[in-house]
Amino acid sequence: MKKIVLAVAALLMAATPVLAAGTARSNTGCGLGTVLWGNKADGSTMSQSLQATTNGTFGNQTFGITTGTSECTQPAKIAENERLINFVRANMDDLAKDIAQGRGESLDTFAELLQVPAEQRPAFNAKLQQNFGRVFTSSKVEMAEVIDNAVTVTN
Amino acid sequence: MPDRSGTRQSEVYGAKRPVYLFFALLTAMIVAVGAPCALAEESMPVEAILARATAEAIHRERPWQILLHYKPSGSESPRSLVDDPKFFLAPDGKTNPAAELDATLRGLFQAGATEDDTVRCRFPARAAWLQERLGIPTERLPPVACDTLAREMAAVDPQRTVLVFPAAYLNNPASMFGHTFLRVDSGYQSPLLGYAVNYSAHPPTPNDFLYSFKGILGFYPGYYSLLPYYEKVKEYTSLEHRDIWEYPLNLTPEETRRLALHVWELQGISSDYYFFDENCSFNILFLIEAARPTVNLTDRLPLWVIPSDTVRAVQDAGLVAGALYRPAQATLIRHLAAQVPREAQVTALAVARGEAAPESARDASLSAPEQGRTLELAAEFLQYRYARKELEKEEFNRRFLEILRNRSALGAGAGDALPVVAPTRPDQGHRTGRGEVAVGVRQREFFTELAWRPAYHDLLDPSAGYSEGAQINFLDTSVRVYPRKGQLRLQRLRVLDILSLSPRDLLFKPVSWKVNTGLDRETMADGNERLIIRLNAGGGLAYAIDRLGLVHVMAEADLNLSDRLRDKVDIGVGGSVGFVREVAGIWKVALTLKGFSYPLFEEHTKVQAILAQNVRITTNTSLEVSLTGERTFGYDRFEGKMGWKYFF
């Protein structure tokens, strides 16, 4: 019964034109420019409107508590810290932006994961900003280098 | 103990009594220390526990009903809203709470070969409640090692719960309904390190032509997923351009842990996803109830569950301890742009497009903070472009780094952007249902009108808590009475009415659009007003202009169907132009001019002008006055109407 009532409602909503959503382009790397588009559409109005009825996440049905970064080189200068590694890898662009600006949530999170005490944060942020070029050495820089470089310039 | 009161007995055994007592005591101690399980089993056999559970009918108690998602189902026994057979241990568990409880309780006393086979590892929330309710100590149960559960619970470390509400997506009114999910925070300060708990549909084949329909009709399975919050933030703020509201809840760490254990139980369990009722927001409420069973959120299953309404429900239940605003990247971009002169905006855009070097932003004509903000704007806009796949990764990386290098050289205080001012909270806007009582005059005939609209937001409704320029109305129905002529007629039944006016500016160039369908009353060739079935769609442009507000111009097509039309059908093309302006959040005025030509079938033209004003009296009451003039089939018609609108 429920499905019949809904079928009528759905038919009446048929006015919304339907276009295929943008093709999937997942982009998992170990450096800058990592954006997990998944199967999400590319911003066109119509394809976005398709997503509206399901809030769909095409990816994960499982519980993504620990995601592997085993294919990326591991940093040398820190003790094993899976959370830090996963965070930097997934948020490298925003972290770079925050370090360049000297402030931001990603930078605060980075400092917390490195266990930088609160009173040392302003100095930590300032040192990273002043040494931006030594942390992000090139456009091909990867997660392990970023972490190692950050540790080097702030010590 | 045998009765030793008799004299003869005491004479015979008198000397040996203390020895007997000593040995009896020693035996008891040895038994108690050496074989606790055996002793406990004797005093708490499985059958006794099961019998007690049945006798006390604990399957009827609220925590059990919540954990199994049982809902009353007419006069029959309750049904669980979960559809996946893997969720139930009894074959008829979906419809038989007592049988399910019995099977779960039995399962507690068994250790399976793997964690998946062990009830205590698969359903830890149920196990915890049953143990507590029936007073079963853990030593009584067979030892099990739920390694995966323990490891993942330690990683999540549940301490606090936050209700998260991503608001509307720019130029997508349907997303105005929003979405809700939960965030579980650990000991970390940063919210980004929490875990998001999300319920959504998982279509097995993406890009399905019937995607929208299937989502509405329950053809997709819905799953709970758990993932790092930062992934959700990026998805909503950078890919979908939706502002996020975070409502910390006052659940204790113990309650949050119960919630996390129930989420674990729902791992990989599917339920039919229905866009209207059993949707993301509704299913999240079960998790909150599992944390605090005294709270009643899923009690009624209304015909439609709107996410912002569920935020209100959680608020009304006294669970909300605040609200934090997290702007979308597009919002942040607009905010940054507003803080620099227009030339700097042009520079930032050019830098983001690769048409100018980042150094050009370090222009002496700009102050140091303005230079910093210009570069920040360029960086954000470049990310925005990349998310829309307007450039390749290598090029993005190179340009991004160049911009950031230049920004870092300016130093800390250079940008120092002011925080984005938070708009009205979505749960504090007008309620989503609306009723209206109006009086008016049409062609000198007095009428009264009653209208009802179950959802959601009209262009003229007060904007607070909603997107500007976005309208989505469902089942907008009105009935008119003309007392002098003794006429009662259905005036309008708009099944669906969507309008999205998105202003274009230097940075963003969206296309505005509209679509509506339903029954309307139109003047016919004979001058009478008849109901027609209408389907109308259009696209156009909108701009925000200082004194006029939101100005829009659209090209439209109009399809009319009616027995009263000569050819039963009429197709018209035309357009509309108009503006909507809100003053001081209280008074809205909108003027719209439309013109249509129906060149095929029954040829005619229609022009119409509508001036409408809405005054907000309280959050949930408004006064609206409108004047309409039109000429259809050569007949002039004028109407004035005044109504009182009430939101519920």
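Everything numeric in this text was worked out from a predicted model, so none of it was measured.

Section: the overall build of chain A
Item 1. For chain A, the helix and strand inventory stands at 8 helices and 0 strands.
Item 2. From first element to last, N terminus to C terminus, chain A shows the α and β order α-α-α-α-α-α-α-α.
Item 3. Sorting the 155 residues of chain A into buried and exposed places 53% on the buried side.
Item 4. Of all intrachain contacts in chain A linking residues separated by at least 6 positions in sequence, the fraction that spans at least 24 positions is 52%.
Item 5. Carbon and sulfur atoms make up 55% of the accessible area of chain A, which amounts to about 6800 Å² in all.

Examining the packing of aromatic side chains
Residues and elements named next belong to chain B.
Item 1. For the structure on display, the rule yields 21 aromatic pairs over all chains.
Item 2. The structure contains a cluster of three or more aromatic residues connected by ring pairs, namely Phe-87, Phe-88 and Phe-123.
Item 3. If you follow Arg-126 out to its NZ or CZ, it ends over the ring of Phe-87, 4.9 Å from the centre.
Item 4. Taking the ring centre of Tyr-229 as reference, the NZ or CZ of Arg-183 above it sits at 4.7 Å.

So, the pairing of strand S10 (residues 434-442) of chain B
In regular strands, side chains alternate between the two faces of the sheet.
All names here are of chain B.
Item 1. Of the pairings in the sheet, the one linking S10 to strand S11 (residues 445-453) comprises 9 bridges and is antiparallel in character. Paired with Glu-436 across the bridge in S11 is Ala-451.
Item 2. Relative to strand S22 (residues 635-647), S10 runs antiparallel, the two being bridged by 9 bridges. Along S22, the bridge assignment pairs Arg-434 with Phe-647.

Notes on the side chain of His-604 of chain B
Residue and element names in this part refer to chain B.
Item 1. Within the secondary structure, His-604 sits in strand S20 (residues 604-618).
Item 2. Residue His-604 is classed as buried on the basis of its relative accessible area of 11%.
Item 3. Setting aside chain neighbours within four positions, we find His-604 in contact with Asp-570, Phe-596, Ser-597, Tyr-598, Thr-632 and Phe-633.

Let's talk about helix H8 (residues 143-153) of chain A
Residues and elements named next belong to chain A.
Item 1. Among the 11 residues in H8, 9 count as buried, and that is most of the element.
Item 2. Within H8, burial applies to Met-143, Ala-144, Val-146, Ile-147, Asp-148, Asn-149, Ala-150, Val-151 and Val-153.
Item 3. Structurally, H8 contributes buried residues whose contacts are with helix H3 (82-90), helix H4 (92-101), helix H5 (105-113), helix H6 (121-130) and helix H7 (132-135).

Focus on the pattern of salt bridges
Residues and elements named next belong to chain B.
Item 1. In total, this model carries 49 salt bridges over all chains according to the counting rule given.
Item 2. We note a salt bridge from Asp-476 to Arg-492, for which the minimum N-O separation is 3.4 Å. Pair noted here: Asp-476 is in strand S13 (residues 470-482) and Arg-492 is in strand S14 (residues 487-500), with a separation of 16 residues, a long-range link. The same class applies to Asp-476 as to Arg-492, namely buried.
Item 3. For Lys-645, the salt bridge is made with Glu-624, and the minimal N-O distance between the two is 2.7 Å. Here the residue Lys-645 occupies a position in strand S22, and Glu-624 occupies one in strand S21 (residues 621-632), the gap between them amounting to 21 residues.
Item 4. Given a relative accessible area of 4%, Lys-645 falls into the buried group.

So, the nonpolar core
Item 1. With 75 residues, the main nonpolar core has Val-88, Phe-110, Leu-128 and Phe-136 of chain A as its most contacted residues.
Item 2. When residues in this core are grouped by element, the largest group, 9 residues, is from helix H17 (residues 368-387) of chain B.
Item 3. In this structure, Ile-49, Ala-127, Leu-226 and Val-263 of chain B belong to the second largest nonpolar core, which totals 69 residues.

Let's talk about the packing of H3 of chain A against H5 of chain A
All names here are of chain A.
Item 1. Remark: H3 packs on H5, axes separated minimally by 10 Å, with the N-to-C direction vectors making an angle of 160°. With respect to their mutual orientation, H3 and H5 come out roughly antiparallel. Between H3 and H5 the crossing geometry is left-handed. Two secondary-structure elements touch here, H3 through Arg-83, Leu-84, Phe-87 and Val-88 and H5 through Ser-106, Thr-109, Phe-110 and Leu-113.
Item 2. For the contact of H3 with H5, the per-class residue count stands at 5 nonpolar, 2 polar and 1 charged.

Analysis parameters
Residues numbered from 1 in each chain as written. Chains lettered and ligands numbered in written order. Predicted model: local features only at pLDDT ≥ 70, side-chain atom pairs only at ≥ 80, totals over all residues. Heavy atoms only, no water. Helix = DSSP H or I, 4+ residues; strand = E, 2+ residues; numbered from the N terminus. Buried < 20%, exposed > 50% of the residue type's maximum accessible area, 1.4 Å probe, protein only. Contact = heavy atoms within 4.5 Å. Areas by Shrake-Rupley, 256 points an atom, 1.4 Å probe, with all protein chains shown as cover. Phe/Tyr/Trp six-rings, centres within 6.5 Å; stacked < 30°, edge-to-face > 60°. Lys NZ or Arg CZ within 6 Å of the ring centre and 35° of its normal. Pairing = 2+ DSSP bridges. Salt bridge = Lys/Arg side-chain N within 4 Å of Asp/Glu carboxyl O. Core = buried A, V, L, I, M, F, W, Y, C linked by side-chain atoms within 4.5 Å. Axes fitted to C-alpha atoms, helices over the stretch in contact; angles between N-to-C directions. Parallel < 35°, antiparallel > 145°, perpendicular 65-115°, else oblique. Left-handed = near helix turned anticlockwise from the far one by under 90°. Nonpolar A, V, L, I, M, F, W, Y, C, P; charged D, E, K, R; others polar.

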